[in-house]
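# Tertiary structure, described
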Amino acid sequence: MNLSNLFVVFKREYLQRVRTVTFWISTIIFPVFMGAIVFIPILIGEKQKAEFKVVIVDPSEIVYPMLKEELDKSRHNIELIKSRTEDTDELKRDVLGKKYNGYLIIPRDVLETGKVQYYGRNVANVIGLSRLETYVNRTVIATRLGERGISREDAGQIIQRVEFDTYKVTEKGEQKDKGASFFMAFLLFLTLYMVIILYGSFILRSVLEEKTTRVVEVLVTTIKPFPLMMGKIIGIAAVGFTQYMIWFVLGAVLFTAVLPGTGMAKEMGTMPITLGQSIYFFVFFILGYFMYAALYAGVGALYNSEQEAQQMATMIVIPLIIPILLMQAIMGDPNGTMSTVLSLIPLFTPLLMYLRILLETPPAWQVALGIGLCVLTVIFLTWISAKVYRVGIFMTGKKPTFKDIGRWIRA
Amino acid sequence: MKLSGVYAYNGIMEAIELNQVVKTFDGTRAVDGVSLTIPRGTIYGLLGPNGAGKTTTIRMITDIYRPDEGEIRIFGDPPGYRVQHRIGYLPEERGLYRKMKVIEQLVFLGELKQVPAKEARKRAMEYLERFDLAEWALKKVEQLSKGMQQKVQFIGTVLHDPDLIILDEPFSGLDPVNQALLKEEIQGFVDRGKTVIFSTHVLPQAEQLCRDICLINHGKKVLDGHVEEIKARFAEPVILLTTDAEVEELRADGAHVVRRNGHVEVRLDNSLAPEAYLAELFSRHIPIQAFGPKEIDLESIFIKVVKDESL
């Protein structure tokens, strides 16, 4: 194999993409977009904190004093104002006049019925309302307990919720888990999935471009198809790698500069992702990328237009989706026979073997076998794609049948 | 210039040899038992109408297709990556990366052919200069006109200084000035010992450029050889006259006279030699501006051969 030609193709694919304005726009817009998804709700939350003003109508004063006290002590900015009137028309006017967000009616028999009514301009303010609800609840329950002779301090303790901490048992000892390991697995699933879909279609288009512009005729008389395909796949992978590195650095800067002090930083700190798991992530990410990239290259080689290729490209996603459907089953029994067999099917290996590693370390030979099979599959698929590319190039005009494809591969 | 025409001689005089080559597509014989020999250091015309099998023949030489039967040798080797770097190929269906800058594109093509990037850039700039494209070097290919793109592709074809240059319809879409420019370049390569295969359906172009030709039709070779020899073979005993005299005044025993626009054609029987006829005209005191044998062009030969064949 001629490595210098592979490098020439790699260089072209990489530089031509990285130097475009589109690349930089998408590289910058994506984190901004993701940032917006994460931060806008937080910002909205902060805003709601400040603005949640509620008038309470509590003629019998069963709830108001304690609720007021509790709310003032809390870090949530829910402002409780005692109403001067019981006239609902006036209250409604005030709410509509934006003096308050809403009014809360505490009936005299609240301790028996356990029912209160909230009227507000916006009853879909889930965060604010659920907080208010929690405090009203606690107050009512504490009052009921008080009537039965239990002090407020005791009541507070009695109604304390049970927190369910989960721990993952590993060879290195116990580790506080809190379900974050599942969360991380799924996050990594999504990343891999997104990258394969996005960069796979880049490869598809790159192969098609050569066919539609007829550059291909010059290329095949100059370079063997295997290094051409490999050069493309690696070149586009490098583009993705560059993009991810930029995001990683941006993210690191953001987390160290902006986030400390917010609650989110604390949660991020507790995520139990070990170095080993990160390395496996990288390995399976690369393997997954190359396998699907080779498939996309093959589809690009088969067809002559993007419309034709798009149908087939949709099919490539199927072996990507199957492991996601199988996740639940694997998680139930990560080292069972079914999990083992499924995770050794090369197209499933990156996602399923990684999941198994996160859940319960599988035997080393299985991991090694999975990786080995993936490497072979990458080479095999690239070889087939190259073959199809080489032979299928000049079959313009008609769509190839499966019989044709078989013939090309044997040619 | 380096003696690349000599260094790779390995005792073989022919640049290319085709021996009974057959290529079939879906039961149709696109190339049907073609044998030909392309000598080194010449411009060889591969001629024939559209669909005759020229491009298929070229694609077998460039190893895009494998022949179903027969054998091909390029500088003594079979087609393939071993000889590929000695070939420069300009396909009929041009292809350049549309979004790439002209100079980058050329450097890329050069590098694929093992020319170091720096050297490729230098040569590309020299060629762009010569083809009056220097100011377009940093423009994207898609911004260039068709003719300019074609010149860029030609530069890409020859940037690695190949020993064999295959040009499929290189003049299509070029204006006369650029055609002349390209002809000059092609001639320059031959002067340096390179071999050029020039495929076209425009026979007059080939007639001007080529020393040897091969005419193919329906996948079969119709005739091949030196252009001059072929012409001599098909030459007719016809004389072209330029004169103001009437047709009647020009008649003689064994001379059949026809006036065409601007000149007179005289077909002589074997009994009457051209010199004798000329002497006869002089003796009649007929003023003659020009007198000479009628040249037969390749197009007429081709039409004649194809007609004879179908009879």
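What you see is a predicted model, and the numbers here were worked out from it, not measured in a lab.

### Digging into the overall build of chain A
- In terms of regular secondary structure, chain A is built from 18 helices and six strands.
- Looking at chain A as a whole, 44% of its 411 residues qualify as buried.
- For chain A, the proportion of contacts with a sequence separation of at least 24, taken over those separated by at least 6, is 74%.

### Some words on the packing of aromatic side chains
- Enumeration over the complete set of coordinates arrives at 18 aromatic pairs over all chains.
- Both rings, one in Phe25(B) and one in Tyr65(B), keep their centres 5.0 Å apart while their planes meet at 65°; by these two values the pair is edge-to-face. Placement of the pair is Phe25(B) in strand S1 (residues 14–25) and Tyr65(B) in the loop between helix H2 (54–61) and strand S4 (69–74), with a sequence separation of 40 residues.
- Owing to a relative accessible area of 27%, Phe25(B) belongs among the partly exposed residues under this scheme.
- What makes Tyr65(B) buried here is its relative accessible area of 10%.
- Ring centres of Tyr97(B) and Phe108(B) lie 5.8 Å apart, and the angle between their planes is 70°; this geometry places the pair in the edge-to-face category. Of this pair, Tyr97(B) sits in the loop between strand S5 (87–90) and helix H4 (102–112) while Phe108(B) sits in helix H4, and the two are eleven residues apart along the sequence. Here Tyr97(B) and Phe108(B) have matching classes, each one buried.
- Through a chain of ring-to-ring contacts, the aromatic side chains of Tyr280(A), Phe281(A), Phe284(A), Phe285(A) and Tyr354(A) assemble into a single cluster.

### Some words on the sheet that holds strand S12 (residues 263–268) of chain B
Residue and element names in this part refer to chain B.
- Pairing in this open sheet of four strands is antiparallel, and the strands run S11-S12-S10-S13 from one edge to the other. Looking at strand neighbours, the two that pair on one side only are strand S11 (255–260) and strand S13 (288–293), the edges of this open sheet. The average undirected angle you get between the axes of adjacent strands in this sheet is 20°.
- Note that strand S10 (residues 238–243) and S12 share four bridges and pair antiparallel. Note on S12: the bridge partner recorded for Val238 is Arg267.
- Along the sheet face, helix H11 (residues 274–283) touches S10, S11, S12 and S13 and points at about 170° away from the line of S13.

### Considerations on helix H3 (residues 64–73) of chain A
All names here are of chain A.
- Those residues of H3 not exposed but buried are Tyr64, Met66, Leu67 and Leu71. The arc enclosing the buried residues of H3, seen along the axis, measures out at 165°, which places them on a common side. Those residues of H3 that are exposed and angled more than 90 degrees off the buried face are Asp72 and Lys73.
- Those residues of H3 hidden inside the fold are in contact with strand S1 (53–57), strand S2 (79–82), helix H6 (126–147) and helix H7 (152–158).

### A word on the pairing of S5(B)
All names here are of chain B.
- With burial as the criterion, each face of S5 is covered, one bearing Ile87 and Tyr89 and the other bearing Gly88 and Leu90.
- Bridge count for S5 against strand S6 (residues 164–168) is four bridges, and the pairing is parallel. Considered in S6, the bridge of Gly88 is made with Ile165.

### Focus on a negative patch on the surface
Residues and elements named next belong to chain B.
- Together, Glu126, Glu129, Asp132 and Glu135 make up a negatively charged patch on the protein surface.
- As for its position among the elements, Glu129 is in helix H5 (residues 117–130).
- The exposure class assigned to Glu129 is exposed, which follows from its relative accessible area of 53%.

### Here's the deal with the domain arrangement of chain B
- Taken as a whole, chain B is organised into domain 1 (2–86 + 162–230), domain 2 (95–155) and domain 3 (236–294).
- Computed over C-alpha atoms, the centres of domain 2 of chain B and domain 3 of chain B are 55 Å apart.

### Brief notes about empty space enclosed by the protein
- Here the structure, examined in full by the defined rule, presents seven cavities of 30 Å³ or more.
- Space inside the largest cavity adds up to approximately 120 Å³.
- Lining the largest cavity are 13 residues, with Val218(A), Tyr89(B), Lys113(B), Gly156(B) and Thr157(B) sitting closest to its centre.
- Taken together, the residues of the lining of the largest cavity break down into five nonpolar, seven polar and one charged.

### Let's talk about H5(B)
Residues and elements named next belong to chain B.
- Compared with an ideal rise of 1.5 Å per residue, which puts 14 residues at 20 Å, H5 spans 20 Å between its outermost C-alpha atoms and is within 8% of the ideal.
- Among the residues of H5, those classed as buried are Ala120, Ala124, Tyr127 and Leu128. Down the axis of H5, the buried set is contained in an arc of 100°. They therefore lie on one face. Away from the buried face of H5 by more than 90 degrees, exposed residues Lys118 and Glu129 are located.

### Quick word on the sheet that holds S1(A)
All names here are of chain A.
- Read across the sheet, four strands follow the order S2-S1-S3-S4 without closing on themselves; strand pairing throughout is mixed. At either end of the open sheet lies a strand with only one pairing partner, and these are S2 and strand S4 (117–120). Strand after strand, the sheet turns through a mean of 25° between neighbouring axes, direction not considered.
- Where S1 lies against S2, four bridges are found, and the strand directions are parallel. When the sheet's bridge partners are listed, Ile56 is paired in S2 with Lys82.
- H3 rests against S1 and S2 of the sheet, and its axis sits at about 155° to S2.

Definitions and limits used
- Residues numbered from 1 in each chain as written.
- Chains lettered and ligands numbered in written order.
- Predicted model: local features only at pLDDT ≥ 70, side-chain atom pairs only at ≥ 80, totals over all residues.
- Heavy atoms only, no water.
- Helix = DSSP H or I, 4+ residues; strand = E, 2+ residues; numbered from the N terminus.
- Buried < 20%, exposed > 50% of the residue type's maximum accessible area, 1.4 Å probe, protein only.
- Contact = heavy atoms within 4.5 Å.
- Phe/Tyr/Trp six-rings, centres within 6.5 Å; stacked < 30°, edge-to-face > 60°.
- Pairing = 2+ DSSP bridges.
- Axes fitted to C-alpha atoms, helices over the stretch in contact; angles between N-to-C directions.
- Arc of directions from axis to C-beta.
- Patch = residues over 30% accessible without salt bridge, like charges linked within 9 Å, V, L, I, M, F, W, Y side chains within 5 Å.
- Areas by Shrake-Rupley, 256 points an atom, 1.4 Å probe, with all protein chains shown as cover.
- Salt bridge = Lys/Arg side-chain N within 4 Å of Asp/Glu carboxyl O.
- Lys, Arg positive; Asp, Glu negative; His and termini not counted.
- Charge placed at Lys NZ, Arg CZ, Asp CG, Glu CD.
- Domains from an automatic or database assignment.
- 1 Å grid on protein atoms, 1.4 Å probe; cavity = no way out; pocket = protein on both sides within 12 Å on 5 of 7 lines; lining within 4 Å.
- Points joined across faces, edges and corners; volume = space filled by probe spheres on them.
- Nonpolar A, V, L, I, M, F, W, Y, C, P; charged D, E, K, R; others polar.
- Expected span 1.5 Å × (residues − 1).

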